[in-house]
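An overview of the molecular structure
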Amino acid sequence: MDYIDEIFTRADIQQIRAFLMDGAECVTDLRPYKERIDSAEQALSDHLHRDYPNENDFDEIISIKNAYGSAIENVYMEIGLQIGAILAAQVVWNVKKSYEKSAGL
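Residues numbered from 1 in each chain as written. Predicted model: local features only at pLDDT ≥ 70, side-chain atom pairs only at ≥ 80, totals over all residues. Heavy atoms only, no water.

Further remarks concern the packing of helix 1 (residues 3-10) against helix 4 (residues 55-102). Relative to each other, helix 1 and helix 4 sit at 25 degrees, their axes nearing to 10 Å. The angle between helix 1 and helix 4 places the two elements in the roughly parallel class. In this structure, helix 1 crosses over helix 4, and the sense of that crossing is right-handed. Each of Tyr3, Ile4, Ile7 and Phe8 in helix 1 lies in contact with helix 4, whose residues at this interface are Val75, Tyr76, Ile79, Gln82, Ile83 and Ile86. (Axes fitted to C-alpha atoms, helices over the stretch in contact; angles between N-to-C directions. Helix = DSSP H or I, 4+ residues; strand = E, 2+ residues; numbered from the N terminus. Parallel < 35°, antiparallel > 145°, perpendicular 65-115°, else oblique. Left-handed = near helix turned anticlockwise from the far one by under 90°. Contact = heavy atoms within 4.5 Å.)

Taken together, the side chains of Tyr3, Tyr68, Ile72, Val75 and Tyr76 make up a nonpolar region of the molecular surface, amounting to roughly 500 Å² of accessible area. Considering the arrangement of structural elements, one finds valine 75 in helix 4. Overall, valine 75 belongs to the partly exposed group, its relative accessible area being 36%. (Patch = residues over 30% accessible without salt bridge, like charges linked within 9 Å, V, L, I, M, F, W, Y side chains within 5 Å. Areas by Shrake-Rupley, 256 points an atom, 1.4 Å probe, with all protein chains shown as cover. Salt bridge = Lys/Arg side-chain N within 4 Å of Asp/Glu carboxyl O. Buried < 20%, exposed > 50% of the residue type's maximum accessible area, 1.4 Å probe, protein only.)

So, on to the confidence of the model for the protein. In the predicted model, the protein carries a mean pLDDT of 91, and the fraction of residues at 70 or more is 100%. Of all helices and strands in the protein, the one with the weakest mean pLDDT is helix 2 (residues 13-22) (82), whereas helix 3 (residues 33-51) scores best (96). (pLDDT = per-residue confidence, 0-100.)

Below, the discussion takes up the pattern of salt bridges. Once the charged atoms of two side chains with opposite charge are near each other, the side chains can pair. In the structure shown here, the tally under the stated rule is seven salt bridges. Across the salt bridge formed by aspartate 38 and lysine 34, the nearest N and O atoms sit 2.9 Å from each other. You can see aspartate 38 and its partner lysine 34 sitting in helix 3, four residues apart, about one turn around the helix. Relative accessible area serves as the criterion here: at 59%, lysine 34 is assigned to the exposed category. We note a salt bridge from lysine 96 to glutamate 100, for which the minimum N-O separation is 2.8 Å. Of this pair, lysine 96 and glutamate 100 both sit in helix 4, four residues apart, roughly one helical turn. What you see here is one network of salt bridges that share partners, running through Asp29, Arg31 and Arg36.

This next bit is on the nonpolar core. In this structure, Ile7, Ala11, Ile79, Ile83 and Leu87 together form the largest nonpolar core, which totals five residues. In contact with leucine 87, other than residues within four places in its own chain, are Ala11, Asp12, Ile13 and Ile16. (Core = buried A, V, L, I, M, F, W, Y, C linked by side-chain atoms within 4.5 Å.)

Take the environment of alanine 24 next. Here alanine 24 shows up in the loop between helix 2 and helix 3. Residue classification places alanine 24 among the exposed positions, given a relative accessible area of 58%. Sequence separation between alanine 24 and aspartate 5 is 19 residues; the distance between their C-alpha atoms is 21 Å.

Following this line, the structure appears as structure tokens:
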């Protein structure tokens, strides 16, 4: 099983509940999304400017980086949308079962 299949395996309400209740600690970055992205991009750009002082070489590397970033963005957006749909279906199913139980159906 590859790591993308594992993401879908973990797309389960109970798995998320377990993480939220018992989960791992992380440092929360409170900056807005755009600021977080811009900061990471600026660090990469500064580093690449040092390694590729020739503007044509720099532009070529940035084009490759942008193509890679776009591919990653597209794949993970699609994964996120699919996982959102899976979780929404689980919530609807759970609410339906709860309603049926309380209504004696």
